[in-house]
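Structural characterization, general
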Amino acid sequence: MCRCALPSDPPVETIHTIAWMKQVAREARAKERILGFVPTMGALHEGHLSLIREAQKGCSPVVASIFVNPTQFGPTEDFQKYPRTLEADRAVLEGLGVEYLFHPSREEMYPNSFRTSVSVEALGERLEGRSRPGHFRGVTTVVLKFFEIIQPRFAFFGRKDAQQARIIRQMAGDLNSDAQIVVCPIVREQDGLALSSRNAYLSEAERRAATALYEGLDALRKDVDSGTLDAARLLTELRRVMDARAGVAIEYTEIVDAETFEPVVSLRRTCYALVAALVGKTRLIDNALIEQDGESFRVTL
Ligand code: PAF
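What this report covers is the structure whose coordinates are included nearby. (Residues numbered from 1 in each chain as written. Predicted model: local features only at pLDDT ≥ 70, side-chain atom pairs only at ≥ 80, totals over all residues. Heavy atoms only, no water.)

**Digging into the site of the ligand**
Selection criterion: Any residue with at least one heavy atom within 4 Å of a molecule or strand is counted as near it. Two N or O atoms form a polar contact when they lie within 3.5 Å of each other; inside protein one atom must be a possible hydrogen donor and the other a possible acceptor, and for residues adjacent in sequence the pair counts only when both atoms belong to side chains. The secondary structure listing takes helices from DSSP runs of H or I that are at least 4 residues long and strands from runs of E that are at least 2 residues long, numbered from the N terminus.
Near the ligand, the surroundings consist of Pro-39, Thr-40, Met-41, Asn-69, Gln-72, Val-139, Val-142, Phe-157 and Gln-164. Gln-72 places a polar side-chain atom, nitrogen or oxygen, 2.6 Å from an oxygen atom of the ligand. For the shell around the ligand, the secondary structure elements donating two or more residues are strand S2 (36-40) and helix H6 (135-150).

This is the structure in structure tokens:
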């Protein structure tokens, strides 16, 4: 559960400028402190808080950022209506004892003179990359800017965005960033729905239907537990469960190799089962991690 700030909690220091953020990070590094970074777009939920708690286990100080990054939204996407709940978020960060909140303006991050972007080849072209052209270029560009500004030792991302986390790990390695990428488990509601800031868009009926993504993945888990390795068979059952729910339009279901994000014919090493669907007008994604365990496979939702 997240708790709100108490009067005794030390205030989180909110930093608006890159120069100030760089200065604070430089001072922390000079004192050999282990800087942990949790990038977010705000509207904080338990999923974000789990990243912060994980960061706090090994890092001090922890910097959380809140920046609704315009470059990762397509022209028809929800940039304008994306939930912005800064005061509530700040109280939550205070309650957790986060030292720094980096909250730059759009102009600070992308002045009119801004011209550069970074993109990771191949990994970002399928799945989310195909459904959301330009999305990953926006993500990697803003994350690289954050890494340059903050130079964290560890940066924390959620496994719900598994393709994003894989792409960021590739970028950090390719560009020799010192940031180690830590990928944290998915946090779910009691009925299995993966936490997402976009869940706030769902009507009551849509919220009920949205569990179809989890239920499809859970059906896949049961099939893997009973020995099915064939990807097509696993996906047929997953889609059958999801299709049975009115109001859920599947966009893709795939089982991919966790390194290449290319589809597999049969389970091998480590894979992800990935789903994306529209529930009403809200686009949701979810996944299951499938890991080889001797002769069999273990599925983590
Ligand atoms: O996962 C997110 O919330 C965003 O893509 C991120 C990593 C904060 C970049 O804007």
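The structure having been displayed, the exposition proceeds.
**Some points on the side chain of Asp-257**
The condition that has to hold: The contact definition used throughout considers only heavy atoms, calling two residues in contact when any of these lie within 4.5 Å.
Inspection of the secondary structure puts Asp-257 in strand S7 (residues 248-257). There is a polar contact of 2.8 Å between the side chain of Asp-257 and the backbone nitrogen of Glu-259. At 3.4 Å, the side chain of Asp-257 and the side chain of Arg-269 are in polar contact. Asp-257 has contacts with Glu-262, Val-264, Arg-268, Arg-269, Thr-270 and Cys-271, leaving out every residue within four places of it along the chain.

**A few points about the packing of helix H9 (residues 211-225) against helix H10 (residues 231-243)**
Two quantities define a packed helix pair, namely the angle between the axes and the distance from one axis to the other. Applicable threshold: Here the axes come from fitting lines to C-alpha atoms, over the contacting stretch only for helices, and the angles between their N-to-C directions go from 0 to 180 degrees. By the definition used in this description, the sense in which the near helix is turned from the far one sets the handedness, with an anticlockwise turn below a right angle giving left-handed and a clockwise turn giving right-handed. Polar here means any residue outside two lists: the nonpolar Ala, Val, Leu, Ile, Met, Phe, Trp, Tyr, Cys and Pro, and the charged Asp, Glu, Lys and Arg; Gly therefore counts as polar.
Axis separation between H9 and H10 bottoms out at 8 Å; the angle between their running directions is 145°. The handedness of the crossing between H9 and H10 comes out as right-handed. Side by side, H9 and H10 meet where Ala-212, Leu-213, Glu-215, Gly-216, Leu-217, Ala-219, Leu-220, Asp-223 and Val-224 of the first sit next to Leu-234, Glu-237, Leu-238, Val-241 and Met-242 of the second. Its residues assigned to classes, the contact of H9 with H10 comprises ten nonpolar, one polar and three charged.

**Examining the sheet that holds strand S4 (residues 100-102)**
Counted only if it meets this: Following DSSP output, two strands are said to pair if at least two bridges run between them.
Strand order across the open sheet formed by six strands is S1-S4-S3-S2-S5-S6, with parallel pairing between neighbours. Single-partner strands in this sheet number two, and they are strand S1 (13-15) and strand S6 (180-184). Direction aside, the axes of adjacent strands within the sheet are offset by 25° on average. Pairing analysis gives three bridges linking strand S3 (residues 62-66) to S4, with the strands arranged parallel. Directly across from Val-63, in S4, lies its bridge partner Tyr-100. Of the strands in this sheet, S2, S3, strand S5 (154-158) and S6 touch helix H2 (residues 46-58), which is tilted by about 155° from S5. On top of the sheet, helix H7 (residues 162-174) reaches S5 and S6; it is set at about 170° to S6, its chief contact.

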